Every structure is written in C-alpha cells, then in structure tokens.
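Notes for the structure review
What follows is the residue order along each chain.
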Amino acid sequence: MIQERELIINHLPMKTWYWLKINDKNAKIAVKNEDFPAEVLTKGGIAASEDESFAETLSGIETGMGKEFEAYIESQLYLPDLFVAEEGKDAELSIRFDYDRQSAGVAGNDADAADDAAVPAKGQALNLYHVVAKKGSNLTIYTDHLSRNEGTAVVDFRILVEAGAKVKLVQSHRFSEDFRFFSNVGVKVEEEGSFELVTVAFSGKEMNLALCTDLSGDRSRARYDIGYVSGNASDIDQNYLIRYRGKDTEGEIFSNGVLKGTTVKRFRGTIDFIRGCVGAKGAEKEDVLLLDDRAVNKTAPLILCGEEDVEGEHGATIGKLADEVLFYLRARGVSEEDAYSLIANGRMNSVIERIPETDLTDLKKELKREVFGVDEIETEA
Amino acid sequence: MKQKTQVDDVNRSLYDFRYGYDEEHYYKVDEGLTAEIVETISKEKNDPEWMREFRLKSLELYKKATVPDWGPSLDGLDLDHIVTYVRPKTKMTANWDEVPAEIKETFEKLGIPQAERESLAGVGAQYDSELVYHNIREEVAAQGVIYTDLESALHGPYAEMIQKHFMKLLPPTDHKFMALHGAVWSGGSFVYVPPGVKVEIPLQSYFRLNAPGAGQFEHTLIIVDEGADLHFIEGCSAPKYNIANLHAGAVELYVGKNARLRYSTIENWSKNMYNLNSKRALVEEGGKMEFVSGSFGSHVSYLYPMAILKGNGARLDYTGITFAGEGQELDTGMKVAHIGENTTSVVSAKSISKSGGKSVFRSSVTVGENAKNAKSTVDCASLMLDDESRSDTIPVMDIRNSNADVGHEAKIGRISDDAIFYLMSRGMSEEDARAMIVSGFADNVSKELPLEYAVEMNNLIRLEMVGSIG
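Residues numbered from 1 in each chain as written. Chains lettered and ligands numbered in written order. Predicted model: local features only at pLDDT ≥ 70, side-chain atom pairs only at ≥ 80, totals over all residues. Heavy atoms only, no water.

1. As for the overall build of chain A
Tallying secondary structure elements over chain A gives 6 helices and 20 strands in all. Counting all 381 residues of chain A, 59% fall into the buried class. For chain A, contacts bridging at least 24 residues in sequence account for 85% of all contacts bridging at least 6. Accessible surface, chain A as shown: approximately 14800 Å² in total, 47% of it carbon and sulfur. (Helix = DSSP H or I, 4+ residues; strand = E, 2+ residues; numbered from the N terminus. Buried < 20%, exposed > 50% of the residue type's maximum accessible area, 1.4 Å probe, protein only. Contact = heavy atoms within 4.5 Å. Areas by Shrake-Rupley, 256 points an atom, 1.4 Å probe, with all protein chains shown as cover.)

2. What to know about the overall build of chain B
What chain B contains, in helices and strands, is 11 helices and 25 strands. Taken over 470 residues, chain B has a buried fraction of 62%. Long-range pairs, those at least 24 residues apart, make up 84% of the contacts in chain B between residues at least 6 apart in sequence. For chain B, the accessible area works out to roughly 16800 Å², and carbon and sulfur atoms hold 47% of it.

3. Quick word on helix α2 (residues 67–74) of chain A
Residues and elements named next belong to chain A. Taken together, the buried positions of α2 are Phe69, Glu70, Tyr72 and Ile73. With its buried residues spanning 155° around the axis, α2 presents them on a single face. Exposed residues on α2 whose side chains face more than 90 degrees from its buried face are Lys67 and Glu74. (Arc of directions from axis to C-beta.)

4. Quick notes on unusual backbone geometry
It is generally the case that most residues other than glycine have a negative phi and that most peptide bonds are trans. All names here are of chain B. Of note in this structure, Met167 is not a glycine but carries a positive phi near 55°. Within the fold, Met167 resides in the loop between α7 (159–165) and α8 (176–184). Judged by relative accessible area, which is 2%, Met167 ranks as buried. Its identity as a non-glycine residue notwithstanding, Asn373 has a phi of 60°, on the positive side. Mapped onto the elements of the fold, Asn373 is located in the loop between β22 (358–367) and β23 (375–384). Given a relative accessible area of 36%, Asn373 falls into the partly exposed group.

5. Considerations on the nonpolar core
Counting 107 residues, the largest nonpolar core has Ile159, Phe195, Tyr224 and Phe273 of chain A together with Leu230 and Met289 of chain B as its most contacted members. In terms of nonpolar packing, the next biggest core, distinct from the first, is built from 35 residues, Ile37, Leu276, Tyr302 and Ile394 of chain B among them. (Core = buried A, V, L, I, M, F, W, Y, C linked by side-chain atoms within 4.5 Å.)

6. Section: the interface of chain A and chain B
Across the boundary between the two partners, chain A contributes 41 residues, which contact 45 residues of chain B. Where Asp398 of chain B meets Lys298 of chain A, a salt bridge forms, and the shortest distance between an N and an O atom there is 3.7 Å. The interface formed by chain A and chain B includes 21 residue pairs in polar contact (both at pLDDT 80 or more). The set of elements that each furnish at least two residues to the side of chain A that touches chain B consists of β17 (264–273), β19 (296–305) and β20 (310–319) of chain A. (Salt bridge = Lys/Arg side-chain N within 4 Å of Asp/Glu carboxyl O. Polar contact = N/O pair within 3.5 Å; in protein donor to acceptor, adjacent residues only side chain to side chain.)

7. Observations regarding a negative patch on the surface
A cluster of acidic residues, Glu311 and Glu313 of chain A together with Asp379 and Glu409 of chain B, forms a negative patch at the surface. With respect to the element layout, Glu409 of chain B can be found in strand β25 (residues 405–413). (Patch = residues over 30% accessible without salt bridge, like charges linked within 9 Å, V, L, I, M, F, W, Y side chains within 5 Å. Lys, Arg positive; Asp, Glu negative; His and termini not counted. Charge placed at Lys NZ, Arg CZ, Asp CG, Glu CD.)

8. Some remarks on the environment of Glu139 of chain B
In this fold, Glu139 of chain B is placed in helix α5 (residues 138–142). Distance from Glu139 of chain B to Val199 of chain B, taken between C-alpha atoms, is 9.8 Å for residues 60 residues apart in sequence.

9. Overview of the side chain of Ser295 of chain B
The topology assignment puts Ser295 of chain B in strand β16 (residues 288–295). Residue classification places Ser295 of chain B among the buried positions, given a relative accessible area of 2%.

10. Focus: the pattern of salt bridges
In the structure shown here, the tally under the stated rule is 57 salt bridges over all chains. Close ionic contact of Lys372 of chain B with Asp293 of chain A constitutes a salt bridge, the shortest N to O distance being 2.5 Å. Of the two residues, Lys372 of chain B sits in the loop between β22 and β23 while Asp293 of chain A sits in the loop between β18 (280–290) and β19, which places them in two different chains. Residues participating in the shared-partner salt-bridge network are Lys25, Arg180, Glu206, Asp235, Asp237, Arg266 and Arg268 of chain A.

11. Here's the deal with the packing of helix α1 (residues 35–44) of chain B against helix α2 (residues 49–64) of chain B
Residues and elements named next belong to chain B. The geometry of α1 relative to α2 is characterised by a closest axis approach of 10 Å and an angle of 155° between their N-to-C directions. Between α1 and α2, the angle falls in the class roughly antiparallel. Relative to α2, the crossing made by α1 is right-handed. Contacts from Ala35, Val38, Glu39, Ile41 and Ser42 of α1 reach α2 at Arg52, Arg55, Leu56 and Leu59. Looking at the contact of α1 with α2, its residues break down into 5 nonpolar, 1 polar and 3 charged. (Axes fitted to C-alpha atoms, helices over the stretch in contact; angles between N-to-C directions. Parallel < 35°, antiparallel > 145°, perpendicular 65-115°, else oblique. Left-handed = near helix turned anticlockwise from the far one by under 90°. Nonpolar A, V, L, I, M, F, W, Y, C, P; charged D, E, K, R; others polar.)

12. Regarding the environment of Gln163 of chain B
Residue and element names in this part refer to chain B. Of note, Gln163 is situated in helix α7. Among the residues examined, Gln163 registers a relative accessible area of 37% and is labelled partly exposed. Taking the C-alpha atoms as reference, Gln163 lies 8.5 Å from Trp50; in sequence the two are 113 residues apart.

13. A look at the pairing of β22 of chain B
Residue and element names in this part refer to chain B. For β22, the tally of buried residues reaches 9 of 10 residues, placing the bulk of the element in the interior. Bridging between strand β20 (residues 329–338) and β22 involves 10 bridges; their strand directions are parallel. Paired with Leu330 across the two strands is Ser359, which belongs to β22. In this structure, β22 lies alongside strand β24 (residues 390–399), joined through 10 bridges in parallel fashion. The partner of Ser364 across the bridge, within β24, is Val396. (Pairing = 2+ DSSP bridges.)

14. Topic: α8 of chain B
Residue and element names in this part refer to chain B. Counting buried residues in α8 gives 9 out of 9 residues, a clear majority hidden from the surface. Taken together, the buried positions of α8 are Lys176, Phe177, Met178, Ala179, Leu180, His181, Gly182, Ala183 and Val184. The elements touched by buried residues of α8 are α1, α2, β9 (219–224), β11 (245–247), β12 (250–255) and β15 (278–283).

15. Some words on the environment of Ile274 of chain A
Residues and elements named next belong to chain A. Mapped onto the fold, Ile274 is located in the loop between β17 and β18. Classification of Ile274 by relative accessible area gives partly exposed; the value is 22%. Remark: the alpha-carbon pair of Ile274 and Leu304, spanning 30 residues in sequence, is separated by 8.0 Å. Excluding anything up to four places from it in sequence, Ile274 contacts Arg243, Tyr244, Arg245 and Glu307.

16. Description of the packing of helix α4 (residues 323–331) of chain A against helix α5 (residues 336–352) of chain A
Residue and element names in this part refer to chain A. It is at 10 Å that the axes of α4 and α5 come closest, and there the two elements cross at 115°. For the crossing formed where α4 meets α5, the hand is right-handed. Each of Val325, Leu326, Leu329 and Arg330 in α4 lies in contact with α5, whose residues at this interface are Glu336, Ala339, Tyr340, Leu342 and Ile343. Along the lines of polarity and charge, the residues of the contact of α4 with α5 split into 7 nonpolar, no polar and 2 charged.

17. Re the packing of aromatic side chains
All names here are of chain B. Tallied over the full model, the rule gives 23 aromatic pairs over all chains. Plain terms: the ring middles of Phe232 and Tyr263 are 5.5 Å apart, the flat faces sit at 20° to each other, and that makes the pair stacked. Of this pair, Phe232 sits in strand β10 (residues 229–237) while Tyr263 sits in strand β13 (residues 260–268); the two residues are 31 residues apart in sequence, bridging distant segments of the chain. The exposure class assigned to Phe232 is buried, which follows from its relative accessible area of 0%. (Phe/Tyr/Trp six-rings, centres within 6.5 Å; stacked < 30°, edge-to-face > 60°.)

18. Describing the confidence of the model for chain A
Regions with low pLDDT carry predicted coordinates that are not meant to be interpreted in detail. Averaged over every residue, the pLDDT of chain A is 89; the share at 70 or more is 91%. Across chain A, the element-wise mean pLDDT spans from 44 in helix α3 (residues 111–116) of chain A up to 98 in strand β15 (residues 235–244) of chain A. (pLDDT = per-residue confidence, 0-100.)

19. Re the pairing of β20 of chain B
Residues and elements named next belong to chain B. Along β20, 9 of the 10 residues are buried, which leaves the element largely enclosed by surrounding structure. Where strand β17 (residues 300–303) and β20 come together, 4 bridges link them in parallel fashion. Paired with Val300 across the bridge in β20 is Glu329. Alignment of strand β18 (residues 306–309) against β20, held across 4 bridges, turns out to be parallel.

Quick look at the structure:
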C-alpha cells in the first residue's frame, strides 16, 4: 500500500528570515510501507541480529531530517534491520539498492516480500536500518542507491558507535532526472569512537540528504566528505549537523558541489558546540561551482557555540572558478568549458578517493566510471 | 592552571541619569495602539493628508502582522502598554540656550554640544519622540546641504521629495515593527546633499529615550545625490527603567550615482530596551555605502542594516562589532542584495560575549541573476570570554549567477593560550596580555568608528571595553 505524507524536514537548528526559504523543507513522501529487497553482503565480524536491547537507544538518536520525519519512521509497520559488528573486529557491510530491478531473489529478506516488492519503473521503497559497532570494532558500510527510472525511495540509518569503534558510511546515490530520494541518518559516537561519512551523489529529481552526528563521548571524532553533481533540474536539499558534547571532540564537514541547469540546492551545515565540550574543534567548508546562470545555490553554514574553550570555523566559496585557476588552465591550452569539467571531476574524485579499497563491492570503480567515463584512472590516494 | 581575567561590563551608569521624569512636563498619548491614537499623533504633527492615510494603512498592516519567531524572544515586550508618542512640552529650537534646562543637562552630560563645537557639521538631538534641537553649520548650509527635522521638511520645499522616498525602501509591509513605525513614527531627520557636494565633516543625530515604557520611532531619511559625499553619525542611549522600552526607528538611505555615504552608529541603549531598528540603503551606479556599526546596549536587539546594490559597480562596506554582556541578547548582522553588475560587498563583523550574554551574527548575501561578476566576502569572528555565554553565527548565501564570486569565513574561539604565552614571554603580565588581545580584537572595528567626533563612543569603547580588563 502506498502512503502519501507531507512532512517538514531538514530544519535549520536556529531559524532565520523566512523570505530566504531555507529554514526547512516541506516534502511530500509517497512510498510503499514495506521493506525493499536490497542486496546485502557482509564480510568479517558483522551479522544481522534480532537483539532488541539496542532498539530504544538507536531509535532515540537524533537525525538530520528532524522529529517529524523520525515520528514518521517510528510509525512504520515493520522493524528496522539490525546489524551488529563484533567487538574488536574488522567488518564490512554492503547494501545495494537497485531500484530498477524487475525481479527479486536477494539475500537478507524473505522471498514473499521480495516478490511483492519487485519494483516496477515507478517504484517506491522504504528501508530502515539499525547498526551497532561494538567497542573497538572497525566497520565500513557501503550503500549504493541506483535508478535510471522514475521512483521514490526512503532510507533511514541509525548508527551507534561504541567506545573506541570506527565506522565509515559510504553513500552512493546515482539517479535519473526523475527519481526522488530521502536519506536520513542519525549517529551517536561514544568515547574515542569515530564516524566518517563519504557521500557521492549524481542527479536525481529530488535529493533530500540529512545526517546528524552526536559526539557524545570524550575525544570522539566525526568527518563528512560530500560530493555531488546535480542533474539539469534537480532539487537538492541537505541538512548536515555535528553536535559536540564530549570533551576534546573533533568534527569536520567538507562539501563539494557542481550545479547545472535550473537546479535549486540548499545546503545547511551546522557545527554546534554544546556547553561542556571543552577543547572541541570543529570546521566546515563548502565549495560550489555554478555551471549555469539559472542554477540557484543557497548555503547556510551555522556555528552555534555555548562553550568558551572551543575552536570553530567555517568557510564557503560559491560561484565561478577562481580567476587564477582558470588562467592557469587556459594558459596550458585548456578551454574554459574543459577547465570547469576538469575541476568539477577533480573535486568529485577527491571525495571518491576516500572510499576504501575492498573486494566486497566494485562501488569505488563504478563511481570513478560515472565521473570519468572510463574504468581505470590513475590517481594518488 | 588556566586563570580567567575579568572583563567588566560596559559601564552604563554614565547614561543612567533621568533627572526625575515628571509627567507634568510631558505630553504623551495613551498606552497601546488604536486608530484614535494614530489620528491624535497625526493631528499633533500637523501631517499632510497623505501621511495621515499612510499612518492608518500602516496600522492595519500592524494589526495583521505577526511577531517574528526566528530571533530573540520578544515576550517581555508588552505592545499593548507601550506608549507610542511622548514629547516634551517644548518646541524644537536651533538655539541651544533655549532648550529646557533638564533636557539640555542630559545632552550636555552626554557631550553632544561639546562634540558639535569641536568637530561636527550639524547636530540633531531627539528627546523621546520629538527633536528638541537641530543645528547645522553655516558653511555646510551654504553648500546647499539640507539637514532638518523630517516633520518640518514635510511642509517645506522638499515635501515632494520626501513623499517620493518616505518608507519606499522600508515599507510597512516589511515586518510588524515597520508597520508600527509607519503608524506612529515621530521625529527624526531629513538630510539632502546636492550633486557633487562633499560634506567634509560629519553630521550627527542623537536619540535619547527618557520616558518609561515609551517607544521611540524616529525616521531618518538621507539622500546623497550624484557624486556627493557624506558621513552621518547616529548615537543612541537611554537611561535604565524597569518597564520595557521599545525603539523601532527606520533609516532610509539613498546613495546616488558615484556618491558615497558612511553611516556610523553607536547603539548604547540601556538594558531594558528592545531595539528593533531597521536600516536600508539603495545604492546607484558606482555609489558606495559604508555602514559602521557598534552594538553595546539594549536588552534585545534585532539589527541588520541592508544595502541594495542596484547600480552597476555599486559597493557596500560593512564593519560591525557587538558586545553582549549579562542579560543581553544581541542579534545583529547585515543584509546585502547584489542586483547590478560588478557590484561588491565586503563585510567584517566581530562579536564578544561575556557574563551570560548572547550574541548572534545573522546575515544574508543574495546575488541576483543579472549581477554578473558580483563579488562578496563576509568575514566574522566571535570571541567567547566565558562558558556561560553564547555566540551563534547564522549566515545565508543565496546565489543565482554563475559569474559570482562569493566567499564566507567565520571563526569562533577564546583567547589563545599561545598568544598569551607569546606576550608574557616578552615581559607582559597575563592581565595586560589579555587586555591587549581583546583590545586588538575590537580595534580593527573601532578604528573605523569616528571616535574623535563623539564623546560617548570614546567612553564606551576605549574606557570600558579595553581599559577595564584585569
């Protein structure tokens, strides 16, 4: 059954003038209220689990899309899939969502659901995941969302990073100009744990991307690397937050974007120093290249600070290539158009390079092909 | 072990003199806001008919508009009991000796006549809702510069010009407090600088709010014609009362082709003041608007001067500092709209938070579709002096042009131990080192402020913020 809901998502943590139309987004979601049969692969010390003891903690983690969306997720009729990485072990988890698939036959879901959810061209999908990285574990999660057709998908992750554990979440979003996508993530990092996000996104009619990390433990870390290339008429709405709660916590947000055609993009990036996070350091940086005069770029990089002993900074560059960069390339015979393409590809590649090498999935290679159109590119890691 | 050095609040006792507010010597309208009150104000002011209608239309807008929910709380502001119009029972004069002794004493204590004698081209002083003193130097008047109160100008040779510009940049539809302003505005100045005239020394206006529970809604309209040049200084202070006071003034600035206007403000309202002032400039081709803004006083401030860079090559320079101490929530910043080609905006904002004070830097930079080669740089830095305070930065950029070059940088932090160590290793005490760093932090902004012209600014910035450390 398809449910249609209208939700206010991606709230700016502190409102500003309404006329800027960036305080939040009014989104319409129409998806099947059931699990889409994703292709799930695991390696090392990780397994699906039915342990209910984590449910309350995971459901209570703050996410990027906000309370209204969280309540919507809570109201779903089925439980999230839970994966637990074993204490002190290395582990990998790959979840591939090929929304264009006409038939099922995938691991990790029961056959009936898979048959029923064999997604047609106008597919709808909603998937919920809970992940726990137990103490000292080292987990990489690869998520690959792919569609060349029309459709809507929602994916929601809640991740608990226990003391000393490391989690890297790789998100690949490759969509047609007709696909609508909602990615919502909430992460809680305990003492000396670390969380890293790598997001590579292409096109899509509507991309709503949100992530909130709560650095609750002392000396915990977070880093986001986000790269995206819009379609010719995309609507990209982002809300990224890091809450610094523990002492000596560190977190950084880096975002690189290329906007084409009549795309409208809103980036909200917040580093929030909560009183008591003595010695915390935070930074955010956003670079956006506009390739078309019709594109609209809205950026709101917030620093919220209730603690004296912190260091926070943010920076943004928006618009054209710097004159000296353009001059350098033109002087070497590169046309202006090629110069923009070169720089845009280079920026995307720098994000892709943060994806680890693995034999579990060819995702990194596929993303390079998406950018450069060829299989092998020699680059420095 | 880290030691903290005390940085004192800005001492406002100098401005907290009231000389026994005596209702017998003042005319004021009833509390709250009704059409009858607006009609009364209009009649008192001998408004032309269009202005009377304008006030009544604004009142309707005010009733419909909602109080903003995106900034500091305005719960303490009881609009039903704010007195919108208070005037001393005296006529405006150009002779300082004729100003009533009590009012004169207040202004003299603030150093206004002294500042005028020394270095100002003209001074306008407003006490509560009315201008009580207005004067302009002969040589400046001889250049054709008009500096007068707005209400007299409404009936003079510039009436048409005022009607053409009044509340066009800041229409009553802008927000609730602009609608309120449109309905009950009173006092304020009109300045016109003819084409090509460069006013060598600054003009100053001074606002003071003495009546408890009253609002001040002065309107300043400045037109700097083609190729002209003006520096205008605005200073504000109010004594401390327990009943919340409201300041919702409006400043409309028209900067002509290749003209330059510098508008410097020191806001030093007492801590019961809700300062909801609006300022907006329209800058024509090759024109330059400079805002220099210091926000020290008030309980709550919403203050975001805006420049609309309409003409090709127009430019905005904004330099601001905000000091939020105990009980203060100062939400300040700026807005700029790039519309013309090759327009430039350069913004440098600093803030200091201490003793539980909260400062917010809020900004918007919009670059329109036709603003080819627009350039904008926004730089803001915040200093936290203790962990009871807050400092938030909320900038937004809305860019709709691929040829734009927009940069933004912000930093927040405390005084670095390394810097203290560096200075101490060269023989300074820790206290002196901290004082020097805070002084340096504020100095690149305060250097822009015309300290030599206004005694109040000297008192505030030099003595209190820099000198009281340790």
